[in-house]
Amino acid sequence: MGKMAAVVGSAAALAVEPGEDAFRKLFRFYRQSRPWSADLGGVIDFSAAHTARGSAAHKVVRSPLNVSSVNEHDARRAGLQPVSKWRAYGLEGYPGFIFIPNPFLPGYQWHWIKQCLKFYSRKPNVCNLDKHMTKEETLDVWEQSKECLRQKDLSKPRPRSLLEKLRWVTLGYHYNWDSKKYSADHYTPFPSDLAFLSEQVAAACGFQGFQPEAGILNYYRFDSTLGIHVDRSELDHSKPLLSFSFGQSAIFLLGGLKRDEVPTAMFMHSGDIMVMSGCSRLLNHAVPRVLPNPKAQSLPPCLEMPLPADLPSDAVVEPCSLEDWQVCASYLKTARVNMTVRQVLATGQAFPLETMEEQKDITTEGLCHLDAKKAHVKRAKLDSNSGCW
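Residues numbered from 1 in each chain as written. Predicted model: local features only at pLDDT ≥ 70, side-chain atom pairs only at ≥ 80, totals over all residues. Heavy atoms only, no water.

*Asks:* Any chance you could explain the packing of aromatic side chains here in plain terms?
*Replies:* Two descriptors summarise a pair of aromatic rings, namely the distance from one centre to the other and the angle between the planes of the rings. For the coordinates displayed, the defined rule picks out 11 aromatic pairs. Pairing Tyr175 with Tyr182 gives two aromatic rings, centres 5.5 Å apart and planes at 65°, and the pair type is edge-to-face. Of the two residues, Tyr175 and Tyr182, neither departs from the other in class, the shared state being buried. Feature note: the residues Trp168, Tyr175, Trp177 and Tyr182 constitute an aromatic cluster, connected by ring pairs. The ring of Phe196 has Arg77 sitting right over it, with the charged end atom 4.4 Å from the ring centre. Cation over ring: Arg221 sits above Tyr331, and NZ or CZ is 5.1 Å from the ring centre. (Phe/Tyr/Trp six-rings, centres within 6.5 Å; stacked < 30°, edge-to-face > 60°. Buried < 20%, exposed > 50% of the residue type's maximum accessible area, 1.4 Å probe, protein only. Lys NZ or Arg CZ within 6 Å of the ring centre and 35° of its normal.)

*Asks:* Would you mind showing me how to read the packing of helix 4 (residues 109–119) against helix 8 (residues 322–332) here?
*Replies:* When two helices pack together, their arrangement is given by the angle between their axes and by how far apart the axes lie. Look at helix 4 against helix 8: their axes get within 10 Å of each other, and the N-to-C directions meet at 80°. By the angle between their directions, the pair helix 4 and helix 8 is classed as roughly perpendicular. Each of Trp110, Ile113, Lys114, Leu117 and Lys118 in helix 4 lies in contact with helix 8, whose residues at this interface are Leu322, Asp324, Trp325, Cys328, Tyr331 and Leu332. Taken together, the residues that form the contact of helix 4 with helix 8 break down as eight nonpolar, no polar and three charged. (Axes fitted to C-alpha atoms, helices over the stretch in contact; angles between N-to-C directions. Helix = DSSP H or I, 4+ residues; strand = E, 2+ residues; numbered from the N terminus. Parallel < 35°, antiparallel > 145°, perpendicular 65-115°, else oblique. Contact = heavy atoms within 4.5 Å. Nonpolar A, V, L, I, M, F, W, Y, C, P; charged D, E, K, R; others polar.)

*Asks:* Is there a simple way to think about the packing of helix 5 (residues 141–150) against helix 8 in this case?
*Replies:* Two numbers describe how helix 5 lies on helix 8: the axes approach to 9 Å, and their chain directions differ by 75°. Taken together, the axes of helix 5 and helix 8 lie roughly perpendicular to each other. Across the interface between the two elements, Trp142, Lys146, Leu149 and Arg150 from helix 5 touch Glu323, Asp324, Gln326, Val327, Cys328, Ser330 and Tyr331 from helix 8. Broken down by class, the residue content of the contact of helix 5 with helix 8 amounts to five nonpolar, two polar and four charged.

*Asks:* I would appreciate a short explanation of the pairing of strand 5 (residues 168–172) in the present structure.
*Replies:* Within a regular strand, the side chains alternate between the two sheet faces. Of all five residues that make up strand 5, five are buried, and the element is covered over most of its length. Taken together, the two bridges between strand 4 (residues 126–127) and strand 5 define a ladder with antiparallel strand orientation. Bridge pairing links Cys127 to Val169 in strand 5. In terms of strand pairing, strand 5 meets strand 6 (residues 214–221) through five bridges, oriented antiparallel. Residue Gly172 lies in a different strand from strand 6, and its bridge partner there is Ala214. (Pairing = 2+ DSSP bridges.)

*Asks:* Before we go on, may I ask you to explain the state of the cysteines in this structure?
*Replies:* One way to say it: the disulfide is the covalent bond shared by the sulfur atoms of two cysteines. Applying the stated criterion across every chain, the model contains zero disulfides. Not engaged in a disulfide, the cysteine Cys116 finds its nearest cysteine sulfur in Cys328; these two sulfurs lie 9.3 Å apart. Residue Cys116 is classed as buried on the basis of its relative accessible area, which comes to 1%. The structure places no disulfide on Cys320, whose sulfur is separated from the nearest cysteine sulfur, that of Cys328, by 5.4 Å. (Disulfide = S-S within 2.5 Å.)

*Asks:* Any chance you could explain the pairing of strand 12 (residues 285–291) here in plain terms?
*Replies:* Across the seven residues that make up strand 12, a large majority, seven, are buried. With five bridges joining them, strand 9 (residues 249–254) and strand 12 adopt antiparallel strand pairing. Paired with Ile251 across the strands is Arg289, a residue of strand 12.

*Asks:* Would you mind showing me how to read helix 2 (residues 22–31) here?
*Replies:* Because an α-helix packs 3.6 residues into every turn, residues spaced three or four apart end up facing the same way. Those residues of helix 2 not exposed but buried are Ala22, Phe23, Leu26, Phe27, Phe29 and Tyr30. Seen along its axis, helix 2 keeps its buried residues to an arc of 165°; they face one direction. (Arc of directions from axis to C-beta.)

*Asks:* Explanation requested: the pattern of salt bridges in the structure shown.
*Replies:* Oppositely charged side chains can form a pair if their charged atoms are brought close together. By the definition in use, this model includes 14 salt bridges. Linking Arg34 and Asp39 is a salt bridge whose minimum nitrogen-to-oxygen distance equals 3.0 Å. A salt bridge links Glu164 to Arg221, with the nearest nitrogen and oxygen atoms 3.7 Å apart. With a gap of 57 residues between them, Glu164 in helix 6 (residues 162–165) and Arg221 in strand 6 connect regions that are remote in the sequence. Of the two residues, Glu164 and Arg221, both sit in the buried class. Among the charged side chains, a network of salt bridges with common partners joins Asp231, Glu234, Arg281 and Arg342. (Salt bridge = Lys/Arg side-chain N within 4 Å of Asp/Glu carboxyl O.)

Right, dumping it as structure tokens:
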């Protein structure tokens, strides 16, 4: 009876009135939800026994992939299974949205997690810490944090390391959180390994010639959220937005063009990839909740197997030492990382000229996501289209 009452209560909480900000209502509901309880009965799980589950599972359809566009060798170079073995799904009413449950080969997520924590966080890339610290202090966040994380005792409170204070990193064309623009003079080389991975995934989804030009990495703690927003800053919206998730699971909300449209909730697990393209490229979306592992302070099973030692000689994936993985594992027990990759310009397109007033400091800390403890201070901004994911 108690469980049935919880389900009924959840349904009532999700009901919305015509014209109401349905997205914000569901965002708040899932932000306050109890992890792995009846509160999450309406969340689609694309990876559950090869069949999506949740009250909106009837929306789930299989999405075709271009198997011949990526050969098995190139897929393995990036740490991916052959495309013929991937499972890809779409949602009725969301043309252009593609969800690929963990297509990575066993152990290969280790590389991408290590890159996010150890290498992509280094200078010259830009991060949220730059606003409060000197370039020398943020030169190598990993090096200053690794010993603290290796010795981490989760049962004892302690000051957070710099890596645990990291909230976002930008790659390639660096996103300007003030003007919400990219520009030609705020650029550093885009990581070649991430570019190769993105090109293979885009090609498999039918987007040959995709050019990875900008990346935003989000680093989430259990009390972090990503506000409701639309990614419209790229100059060419005909190209897809690619999203890669690693670590703890989260709830992702995908809505419509307007906030009064009820969004669809889905789980993002470690290794999952999402592609927003076509009509889904400019839809409202958000992350209201990061979910602790049901086994408490443990990693998802897909991260338990180590990266193989016999990597292809031309692989873009590099070995990950056990010492490095110890740091990554300690971090991910209470966190998740998300990489989004975008093509900013159409082929042959250039940035428009900017006035001096439009050129602002790119190190300003954006509202990419907020700690829940600070959310009450910036609540109005959290619920506006101010995030970037």
